[in-house]
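# A look at the structure
So the chains spell out like this:
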Amino acid sequence: MASPDEELLAQIKVQGNKVSELKGGNTPKSEVDEAVAVLLDLKAKYKELTGKDVPGTKKKDKKKKKGGDGNASAAAKPAQAAAGSGKGKGKKNKKKGQGSKEGGEAAATGGERFNFANMEEEILKLWEGMDAFQTSLKFSEGRKEFNFYDGPPFATGTPHYGHLLAGTIKDVVTRYAHQTGHHVSRRFGWDTHGLPVEFEINKKLNINGTEDVLKMGIDKYNAECRSIVMRYSEEWRYTVTRLGRWIDFDNDYKTLYPWFMESVWWVFSEIFNKGLVYRGSKVMPFSTALNTPLSNFEANLDMHEVDDPAVTVAFEMVDEDVSFLAWTTTPWTLPSNLALCVHPKFTYVKFRDTKREKTFIALKKRIFGKGCLYKEGDKSVEVLEEIVGADLKGKRYKPLFPYFKDLATAFVVMVDTYVTDDSGTGIVHNAPGHGEDDYRICLANGVVTPENVVCPIDDSGRFTSEVPDYEGIYIKDADAKIIKRLKEEGTMFFAGRVKHAYPHCWRSGTPLVRKTVDSWFIRVEAIKERLIKNNQETYWVPNNIRDGRFHNWLADARDWAVSRDRFWGTPIPLWVSDDGEEVVCIGSIEELQRLSGRTDITDLHRENIDDVVIPSQKGKGDLKRVTQVFDCWFESGSMPYAQRHYPFEDKERFEKNFPADFIAEGVDQTRGWFYTLMVISTILFDKAPWKNLIVNGLVLASDGKKMSKSLKNYPDPNLVLKTEGADALRLYVITSPAVRAETLRFEQKGVQAVIKDVFLPWLNAFRFFEQQAQRWEQVNGKPFRFDPNQVCPASNKMDAWILAFTQDLIRFVHQEMAAYRLYTVVPKLLTFVDNLTNWFVRFNRKRLKGGTSEEDARQALWTLGEVIMTMAKAMAPFTPFFAEWMYQQMRPYAEASTGPAARRSSHPSLSKAPLTSAAEVVVEWETPEVVGFLNERDLAQYAGDFETNGISGADLVDLTHEDLSSMGIERCTDRKRVLRAVRQLLQSDPPMGSSTGSTSSSGSTVREINGVREDASVHFCMLPQPRDGYTNDTIVRAFDAMKRVIEAGRVLRDRVTVPVKYPVLEVVVISKTPNVLSDLKNLEEYIYSELNVQSLVLSEDESPYNVKLKGFPDSRTLGSRLGGDYRNVHKAVQALTHEDLLAYQATNQVELCGHVLSGTDIALRYEFDSSVQSKYTAHTDRDLLVLIDATQSPEMVQEGLAREFVNRVQKLRKSSGISPSDNIRLFYTVKDGAETKLSEAITAHMNTIKESLATTPELGTAPSELVVTGSQEFEIKDASVTLTVVKM
């Protein structure tokens, strides 16, 4: 596996080549610049990751710009730490954070860089410190259980994006279940047996067959297998944990555990006792690489398109100079041919080929045409007679090869309806040892018996001595030799090639063959109707997979071959007499000990039980175990029972909670894990093993190809987690088509877009809240706090709206999660983030800054704070890291301002972490108390370093290796001693294992476990429910209409090129929808302000404005409903007049072309009649028509120029590093243009300018005695102004 830096170098090389190609062609400069920017970004990531420049990069000297970091607020400092800053404690070694811009790092409001990936690493430490997952389970004990099954992966490979996708789905659902009042046990499982493991060992030890294993010894072979089963377990643990998934790795289950294997035995014994197990000989999919048969569903797990030989062979009749033509893509099966088969009702023809001078028989339909024997109109074909297939039955022919010529029952024509007429010749060559239908028909016609089936290949796919000419040759290698021979003997009619899908071994990737094998089977065909019935009682997302692919698979289910001729697996617990008449199925270790008399049986692997015998109860001597082991899919299908060691342990709890509430895996498991779960559960309990199931699709590379390490066509998952962060990746995948069982083409830029569209606006909303809360504290002399348990007195319309919309978000999350539709949540979240940042915060900046009154500012802050806190809780299952970070940042504002909480909130490192009860005391210590603690713990040698650096109790609680190193304690062992003592101190009171309660700021008792409070993490909290006090559908509806009007107005301003700084004369809004105009009337002040309009007209009457209604049919709905009539209906809808549509609007119904259309079948839009000269410009949005009159008077232009002036001043303040709260003096000089009288505009609107800038602009240059902070010349239209600011 390539390291992250190697992956980056590969991406840099590809992007560098792309840049070179673009520069060498006629590519637009903007596209070249974009490609260069991507290249530079990749190089910056490489340097961030490795600390080195990209190899081969030439270094250039650059002059550094002067400037210093601004002072970050106390609550902002944890974000700097997240961005990669170091920390110094006490009085020295303080460091400021720096970081380069990359996907996971971006600029937040205020200019600080915020690295989301680094923040997540800090949250992981936070969770580790409080043992968050296990603590959450302790808090939820006693609640109703939510039962979840996790399909076990193999640890012989590393996790890929498919695993991350499924893992995210599982984590979101189980977190949601926990936070809605359930107890959710989550155990990680490992599939440790079977072909994947043996395949790796066979490659390692060059083992080519069963004989090699037996020669080595099963005990040694299995020891080798055991040694690698957990090869990548640490990589799995790291990646799964880094993804933010909470699951128990320490209390895991492995299919190799004896107690797990014992439950698998019990499952099989129950199936055996129901009479559903039998031994049989069947043609099975067979892996020659692994020397074992596979089940039918395994054969479909890996289909490849291959280029195979396609030959048409002539089989000469015995008593007539005529040959049957049969087609096959497996020439290697021809030496095993024993019969031919035709369809009894098809018409065949006997024809003469005049060029070959030979006579043949083939299906009439396959003689002439594309892909047939001859091209249409070929004159060399002379049809002699037509023959019905049934009349060919019993005809005999000469064998192609001599190997089985003495088999008297063979080389005969049979009939069966499985023969098709869409390919080949309509005559099928039958080799009963290599085809299921071949075997079935030959058996039915007496060509072979179960004991006498011709199958002359060994387990490695090589011909046996039965076919001496090809003995020892691998079957596919023999194809060319066989074709050559048939050509030489004159029986080859045509030899070509064909591309077609062919099944391959899902583990080794080698082509499968069909081979007759002895196996133990479960009678699945006998329970098909019950399988279908139980499937219908389950809920799937998407449901079409349940009713389509999975239903079809169940309907065609075949008996399941569960035995494998292998070594590393759970042995099949059948002890059989030598004559096969007596069979004992063992269901437990105790039963085996009792029946065998052996008491030393503890491990159930082959090396431990193959020599165990059971005395016969029928006088047949000793019963010996069959040599096979279980198909590993039988083990994974048994995991619901085996993971709990059912029925030997936990029986009551299992039966109470079965079936599972939820499972999830990829769409490929419809023929794998989902199938085996359903089969076993139906047999055991006659019910489905799950209630709800999410099926995810496949994750491909961005080019649509399968992700390939050799092609390097995808970014390493751990690199994406390191650079962009887990939360962004989680939102990206659960919003993708893959959550609806469709294919996802993974693109890293999609993950980066999530950061830009979701996390940065969310972060900036908090930053603004934080800044204004600090301003409020400075002005009012006390910290800003709000009580989340009380209803915010939202008298302001905007407050009422955002609080109401938040309830809508909460309601929507609960609604969609109840239906397991994860993919609908993020689009709603994007709307919410837009509402919060681009509407609420932007419209209320003045209020939040205290521009109206401090009481109004307090109410606005309360509203914003409550919304941000609610959002953190609601999004916790989806974005566990950022939700946690946001919750920790917001906690101080929802808590009392006295006691340890206040001390803690003033300490930047502690403001993001919950404290144990002991830490709540330690945080109050001064340096002498810290030194005393060191002396008591025999750590006096370090006391001087602590005293010199002024380490307080608050520093001690947040102490790290880096802090100790910066203090001069260089040896790692010394630092570990100190940190171990500190950890013991912080966990010493209350004692480990105790559960206590403490009082929250609201006076209620908060539970504690091991010193961790139940409000210490957002993931311990319950998800918020919609609050009746905030729910207001009317205001949500009204603001939706208002936003649409404003957005339409912005579009119109862009169209007429009038910037928003310049007022427009009139905006007209026309709508006939009930309540819309009254809603807009109530919110008109926002429309006036945002669109900078002097007059707003709201009307139902469109007639004065030269607009008409236009109808548009809903093509998706009507197209599927009307079929061929849709085209005519489409034309009829487009032909409807304005009056027709007014009638439709009133009656909600119209009949067209014999079809009744109603509701949303026709979408109504207003269209502006552009042929009529008008002062208005129009834009429609569903039921709204917005018109704008952008006529500009001289006074309006002056007002716009004054706003432009204010805008330039604000830009200069920002570029000069002057904060909004700083006092300034402002000087200006103006050069008026020919058309732009800027000086007049400034003079005319001086009062407004003063109010906006909180200072009086002074005409002229700054006096020489003043120190200029910033100065710049700006152009405003064809005028210019030079601004100079002096910070006072």
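Scroll up to find the structure this text is about.
Notes on the structure follow. Keep in mind that what you see is a predicted model, and the values were worked out from it rather than measured. (Residues numbered from 1 in each chain as written. Predicted model: local features only at pLDDT ≥ 70, side-chain atom pairs only at ≥ 80, totals over all residues. Heavy atoms only, no water.)

## Observations concerning the sheet that holds strand E15 (residues 412-415)
Overall, mixed pairing links the three strands, which are arranged E15-E11-E16 in an open sheet. Every interior strand has two partners, whereas the edge strands, E15 and strand E16 (427-430), have only one. Between one strand axis and the next, the sheet turns through 30° on average, direction left out of account. For strand E11 (residues 339-342) and E15, the ladder comprises four bridges, and the chain directions are parallel. The residue of E15 that forms the bridge with Leu340 is Val413. Sheet contacts for helix H13 (residues 436-444): E11, E15 and E16; angle to E16, the most-contacted strand, approximately 85°. (Pairing = 2+ DSSP bridges. Helix = DSSP H or I, 4+ residues; strand = E, 2+ residues; numbered from the N terminus. Axes fitted to C-alpha atoms, helices over the stretch in contact; angles between N-to-C directions. Contact = heavy atoms within 4.5 Å.)

## Digging into the nonpolar core
Ile694, Phe882 and Phe1205 are the most contacted members of the largest nonpolar core, which totals 167 residues. Element by element, the count of residues in this core is highest for helix H25 (residues 748-780), at 14 residues. Excluding anything up to four places from it in sequence, Phe1205 contacts Leu1226, Tyr1228, Ile1242, Ile1249, Leu1253, Pro1257, Ile1276, Val1281 and Leu1283. (Core = buried A, V, L, I, M, F, W, Y, C linked by side-chain atoms within 4.5 Å. Buried < 20%, exposed > 50% of the residue type's maximum accessible area, 1.4 Å probe, protein only.)

## Let's talk about helix H14 (residues 475-489)
Given a rise of 1.5 Å per residue, 15 residues ought to cover 21 Å, and the 20 Å separating the end C-alpha atoms of H14 matches this to within 8%. Within the sequence span of H14, burial applies to Ile475, Ala478, Asp479, Ile482, Ile483, Arg485 and Leu486. Positive phi appears at Gly490, one or two residues downstream of H14, with a value of about 80°. (Expected span 1.5 Å × (residues − 1).)

## Let's talk about the side chain of Asp716
Inspection of the secondary structure puts Asp716 in the loop between strand E29 (699-700) and helix H23 (717-723). Taking the relative accessible area as the measure of exposure, Asp716 reaches 3% and is therefore buried. A polar side-chain atom of Asp716 sits 2.9 Å from the main-chain amide nitrogen of Asn718. (Polar contact = N/O pair within 3.5 Å; in protein donor to acceptor, adjacent residues only side chain to side chain.)

## Some remarks on empty space enclosed by the protein
The rolling of a water-molecule-sized probe over the atoms marks out the regions of remaining empty space. According to the stated counting rule, one finds five cavities of 30 Å³ or more in the structure shown. In terms of lining residues, the largest cavity is bounded by 11 residues, among which Gly194, Leu195, Arg564, Phe630 and Cys632 are the most central. Breaking the lining of the largest cavity down by element, the ones donating at least two residues are helix H7 (195-205) and strand E26 (629-630). When the residues that make up the lining of the largest cavity are grouped by side-chain class, the tally is five nonpolar, one polar and five charged. (1 Å grid on protein atoms, 1.4 Å probe; cavity = no way out; pocket = protein on both sides within 12 Å on 5 of 7 lines; lining within 4 Å. Points joined across faces, edges and corners; volume = space filled by probe spheres on them. Nonpolar A, V, L, I, M, F, W, Y, C, P; charged D, E, K, R; others polar.)

## Overview of the packing of aromatic side chains
Taken as a whole and assessed by the stated rule, the structure comprises 71 aromatic pairs. Both rings, one in Trp265 and one in Trp575, keep their centres 6.1 Å apart while their planes meet at 80°; by these two values the pair is edge-to-face. Of this pair, Trp265 sits in helix H11 (residues 258-273) while Trp575 sits in strand E22 (residues 574-576), placing them 310 residues apart in sequence. On the basis of relative accessibility, which here comes to 0%, the residue Trp265 falls in the buried class. Judged by relative accessible area, which is 0%, Trp575 ranks as buried. Taken together through their ring pairs, the aromatic side chains of Phe114, Phe116, Phe759, Trp762, Phe766, Phe882 and Trp885 make up a single cluster. A cation sits over an aromatic face here: Arg356 above Phe493, 3.8 Å from the ring centre. We note Arg740 situated over the ring of Tyr823; from NZ or CZ to the ring centre the distance is 5.1 Å. (Phe/Tyr/Trp six-rings, centres within 6.5 Å; stacked < 30°, edge-to-face > 60°. Lys NZ or Arg CZ within 6 Å of the ring centre and 35° of its normal.)

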